[in-house]
Amino acid sequence: MLKKGQVIKVISGFFDVKTKDNLVYRLRGSGSLRTKKLLPIVGDYVLFKEDLILCEIEKRNSYLIRPKVANVDQVVIVMSLSQPSFSYILLDKFLAIIQYQELDVIIVFTKMDLGDNKPYFDYLSQGFKCFLINNLLKNENFIDLKNELKNKLNVFTGQSGVGKTSLLNNLLNLNEKTNDISLALGRGKHTTRVVEIFELDDIKIIDTPGFGKFDLELTKSQLSTSFFDFKIWSKKCKFISCLHFKEEDCEVKRQYQNGSLLKTRYENYIKMLMEAKK
Ligand SMILES: Nc1nc2c(ncn2[C@@H]2O[C@H](COP(=O)(O)OP(=O)(O)OP(=O)(O)O)[C@@H](O)[C@H]2O)c(=O)[nH]1
Ligand SMILES: [Mg+2]
Ligand SMILES: [Zn+2]
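Given the structure is predicted, the values throughout are model-derived calculations rather than measurements. (Residues numbered from 1 in each chain as written. Chains lettered and ligands numbered in written order. Predicted model: local features only at pLDDT ≥ 70, side-chain atom pairs only at ≥ 80, totals over all residues. Heavy atoms only, no water.)

**Student:** Run through the coordination of the magnesium ion (ligand 2), naming residues and quoting values.
**Tutor:** Every protein donor of the magnesium ion (ligand 2) is accounted for by Thr165 (OG1) and Thr192 (OG1), and the metal-donor separations fall at 2.0 to 2.1 Å. Of this pair, Thr165 sits in helix H5 (residues 164–172) while Thr192 sits in the loop between H5 and strand E12 (196–200), placing them 27 residues apart in sequence. Since its relative accessible area comes to 7%, Thr165 is described here as buried. (Donors = N, O, S within 2.8 Å, 3.2 Å for Na, K, Ca; no water. Helix = DSSP H or I, 4+ residues; strand = E, 2+ residues; numbered from the N terminus. Buried < 20%, exposed > 50% of the residue type's maximum accessible area, 1.4 Å probe, protein only.)

**Student:** Go over unusual backbone geometry with me, naming the residues and quoting the values.
**Tutor:** Cis geometry marks the peptide bond from Arg66 to Pro67; its omega dihedral reads -5 degrees. Within the fold, Pro67 resides in the loop between strand E6 (63–64) and strand E7 (69–70). The step from Gln83 to Pro84 runs through a cis peptide bond, and the omega angle for that step is -5 degrees. Residue position: Pro84 is located in the loop between strand E8 (74–80) and helix H2 (88–100). In this structure, Glu102 is a non-glycine residue whose phi angle is positive, near 60 degrees. By the element assignment, Glu102 lies in the loop between H2 and strand E9 (104–110). By relative accessible area, which is 63% here, Glu102 ends up exposed. In the Ramachandran plot, Asp201 falls in the positive-phi region, its phi being about 50 degrees despite a non-glycine side chain. Looking at the secondary structure, you find Asp201 in the loop between E12 and strand E13 (203–207).

**Student:** Got a sec to walk through the site of ligand 1? Specific residues and values, please.
**Tutor:** Near ligand 1, the surroundings consist of 22 residues, among which Asp113, Asn135, Ser160, Ser166 and Thr192 are the closest. Within the side chain of Ser160, an N or O atom sits 2.6 Å from an oxygen atom of ligand 1. The contact in question runs from an oxygen atom of ligand 1 to an N or O atom on the backbone of Gly163, over 3.0 Å. Taking 660 Å² as the accessible area of ligand 1 by itself, protein coverage stands at 92%. Across the shell around ligand 1, the residue classes tally to four nonpolar, 14 polar and four charged. (Near = heavy atom within 4 Å. Polar contact = N/O pair within 3.5 Å; in protein donor to acceptor, adjacent residues only side chain to side chain. Areas by Shrake-Rupley, 256 points an atom, 1.4 Å probe, with all protein chains shown as cover. Nonpolar A, V, L, I, M, F, W, Y, C, P; charged D, E, K, R; others polar.)

**Student:** Tell me about the packing of aromatic side chains, and name the residues and values.
**Tutor:** If you walk through the whole model with that rule in mind, you get 14 aromatic pairs. Every member of this aromatic cluster is reached through a ring pair, and the members are Phe86, Tyr88, Phe109, Tyr120, Phe121, Tyr123 and Phe128. The aromatic ring of Tyr45 is capped on one face by Lys4, whose charged end is 5.3 Å from the ring centroid. Geometry around Phe211 places Arg66 over its ring, the cationic atom sitting 5.3 Å from the centre. (Phe/Tyr/Trp six-rings, centres within 6.5 Å; stacked < 30°, edge-to-face > 60°. Lys NZ or Arg CZ within 6 Å of the ring centre and 35° of its normal.)

**Student:** Residue-level account of the coordination of the zinc ion (ligand 3), with values.
**Tutor:** Within the protein, Cys237 (SG), Cys242 (SG), His244 (ND1) and Cys250 (SG) serve as the donor atoms for the zinc ion (ligand 3), at 2.2 to 2.4 Å. Metal-centred angles of 104 to 117 degrees between the four donor atoms at the zinc ion (ligand 3) mark the site as tetrahedral. Mapped onto the polypeptide sequence, the residues donating to the zinc ion (ligand 3) form the spacing pattern C-x4-C-x1-H-x5-C. Judged by relative accessible area, which is 8%, Cys237 ranks as buried. (Tetrahedral: all angles 85-135°; square planar, octahedral: opposite > 155°, others 65-115°.)

So this is what it looks like as structure tokens:
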């Protein structure tokens, strides 16, 4: 008889798989998976036998490359307002890859006790789901955010040191390791090392190691359709395939010029467009 479960953690060749009845099995991959070069990742639904050999991976509903996870419903971008300092272009890059894959996205702005709240209001006005958090106040009201995470597989992403694990601990009453950032370098110490699913009641969260720089491997036309907040205007652009750059009669550019579109958002879009592949 085959059992079914979800990969919650991958550690040096072993896969921790949780079944519906909340039991965790430590499995090894079958030889045939290896020869087919099929590698189970966190979030995968898999089948295994009594001999604790993982023999099949079910078809993925979604697949995110960075962090590498399967079947997530929603991505939570965690950005600190300070320490490490807030970067508009980094957030716009994160948003572009996630919206390119058509996954739901939430932005959590942490360290509101340390930094200026302006970025929160900027993205709120662009129509994004935004939350302002101070992780040090353990009794803070996390209820609204929890409601957004319910009944979904959520993955946290963001730079090292922004407070992903601190937020996880607060939301799910855990005590996973966190660490001070290096004030000299202004960045985190890569405290979380593995990708892992945690759950409490009906909330499932994948915590991930932080990362900083990355390349956006989107073409120009892919990029232009990955800015969902431009969509209400791009319908009125003269050309269907408008890149909102040098084209005439572009509604997105008009909204930028009249100040309805967040300035940094459009300017970062143009920067990314210049770097994007044809
Ligand atoms: N002042 C303040 N400090 C915070 C807040 N959130 C997190 N921190 C601190 O920031 C540091 C880094 O937090 P972590 O939760 O380890 O960050 P992380 O994003 O998980 O980092 P990696 O695991 O390296 O990717 C810790 O010292 C936290 O106590 C906050 O809202 N305000
Ligand atoms: Mg962490
Ligand atoms: Zn346009």
